[in-house]
Amino acid sequence: MSIPQKFFLICLALILAGGILFLFNSRGLLEEGDIAPDFTTTLSTGETISLKDYQGKKNVVLFFYPKDFTSGCTAEVCSFRDNYQELQNYDAVLLGVSADNEDSHQAFIRQHGLPFPLVSDTDKSITRAYGTASRFLGLVHGTKRVTYVIDKSGAIRAVIHHEVLIGKHLTGVIEALKRISMKGANG
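Residues numbered from 1 in each chain as written. Predicted model: local features only at pLDDT ≥ 70, side-chain atom pairs only at ≥ 80, totals over all residues. Heavy atoms only, no water.

**Regarding the overall build of the protein chain**
Next, step 1: For the protein chain, the count of helices and strands is 6 helices and 9 strands.
Next, step 2: Put simply, the protein chain has 187 residues, and 44% of those count as buried.
Next, step 3: Expressed as a percentage of contacts within the protein chain between residues at least 6 apart in sequence, the contacts between residues at least 24 apart total 63%.
Next, step 4: About 9900 Å² of surface is accessible on the protein chain, with carbon and sulfur atoms providing 58% of the total. (Helix = DSSP H or I, 4+ residues; strand = E, 2+ residues; numbered from the N terminus. Buried < 20%, exposed > 50% of the residue type's maximum accessible area, 1.4 Å probe, protein only. Contact = heavy atoms within 4.5 Å. Areas by Shrake-Rupley, 256 points an atom, 1.4 Å probe, with all protein chains shown as cover.)

**So, the pattern of salt bridges**
Next, step 1: Taken as a whole and assessed by the stated rule, the structure comprises 6 salt bridges.
Next, step 2: K152 is the salt-bridge partner of D91, the closest N and O atoms lying 2.5 Å from each other. A residue pair is termed long-range when its members are at least 10 positions apart, and D91 in the loop between α3 (84–89) and β4 (92–98) and K152 in the loop between β8 (146–150) and β9 (156–161) qualify at 61 residues.
Next, step 3: Residue D91 is classed as partly exposed on the basis of its relative accessible area, which comes to 26%.
Next, step 4: The class for K152 is partly exposed, based on a relative accessible area of 31%.
Next, step 5: Through salt bridges that share partners, K58, D91 and K152 make up one connected network. (Salt bridge = Lys/Arg side-chain N within 4 Å of Asp/Glu carboxyl O.)

**Quick notes on the confidence of the model for the protein chain**
Next, step 1: Looking at the protein chain as a whole, its pLDDT mean stands at 86, while 81% of the residues score no less than 70.
Next, step 2: Here residues 11–24 scores under 50 on pLDDT; set against residues more than four positions off or in separate chains, the count is 10 contacts. (pLDDT = per-residue confidence, 0-100.)

**Description of helix α2 (residues 71–82)**
Next, step 1: In this model, α2 (12 residues) spans 16 Å end to end at C-alpha, consistent with the 16 Å of a helix rising 1.5 Å per residue.
Next, step 2: Those residues of α2 lying buried are G72, C73, T74, E76, V77, C78, S79 and F80. (Expected span 1.5 Å × (residues − 1).)

**Comments concerning the side chain of T41**
Next, step 1: Residue position: T41 is located in strand β1 (residues 40–42).
Next, step 2: Look at T41 and you get buried, because its relative accessible area is 11%.
Next, step 3: T41 has contacts with E47, T48, I49, V119 and I126, leaving out every residue within four places of it along the chain.

**Quick word on the packing of aromatic side chains**
Next, step 1: Applying the stated criterion across every chain, the model contains 10 aromatic pairs.
Next, step 2: Between F63 and F116, the ring centres sit 5.9 Å apart and the planes meet at 75°, which makes this aromatic pair edge-to-face. Of this pair, F63 sits in strand β3 (residues 59–64) while F116 sits in the loop between α4 (102–112) and β5 (118–120); the two residues are 53 residues apart in sequence, bridging distant segments of the chain.
Next, step 3: On the basis of relative accessibility, which here comes to 0%, the residue F63 falls in the buried class.
Next, step 4: According to the relative accessible area criterion, F116 is buried, its value standing at 2%. (Phe/Tyr/Trp six-rings, centres within 6.5 Å; stacked < 30°, edge-to-face > 60°.)

**Some details on the sheet that holds β4**
Paired through backbone hydrogen bonds, the strands of a sheet run either parallel or antiparallel to each other.
Next, step 1: On the basis of which strands lie adjacent, the open sheet formed by 5 strands has the order β5-β4-β3-β8-β9 and mixed pairing. In this open sheet, the two edge strands, each paired with only one partner strand, are β5 and β9. Averaged over neighbouring strand pairs, the angle between their axes works out to 20° when direction is ignored.
Next, step 2: In this structure, β4 lies alongside β5, joined through 3 bridges in parallel fashion. If you follow G96 over to β5, its bridge partner there is L118.
Next, step 3: Sheet contacts for α2: β3, β4 and β8; angle to β3, the most-contacted strand, approximately 160°.
Next, step 4: Running over the sheet, α4 touches β4 and β5 and is turned about 160° from β5. (Pairing = 2+ DSSP bridges. Axes fitted to C-alpha atoms, helices over the stretch in contact; angles between N-to-C directions.)

The structure is reproduced here in structure tokens:
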């Protein structure tokens, strides 16, 4: 094998290894038991809310996703859409966050019939506060696919981070909401 071929293979291996680390990097994420950082934002419904508005009233499922209209993100939001009533049965509100602008969110909501609001985090302030901003080789800036389940006291009760196994988000959310519900029922 020639030196240029070896060099090419080494570079390819490094890029692939970096890409895998990028996809599964959990560094910087908040942890179970942490108090969820408060934020104030305008929802796609036009309503301005703060996370603290839900304290004592609702559990919050806050999910971060990379981009509207991509196959993985569409599958994720549609799984939440298809199970939205079950999530509401656990006294939960669902909020999706990405860096897409409001026009993109409105089109995404219409195209997929989403019954829950989305948040345009174009300045990535919420994304940074929750540790879901990602970088690859300093060139690609994105958002990690992370879902936080926050109880009525404002504590994070589950952190679900799967970039590829998108169905794990919904199952993880339902399991966490069941645990929260059982804890509340038991005092």
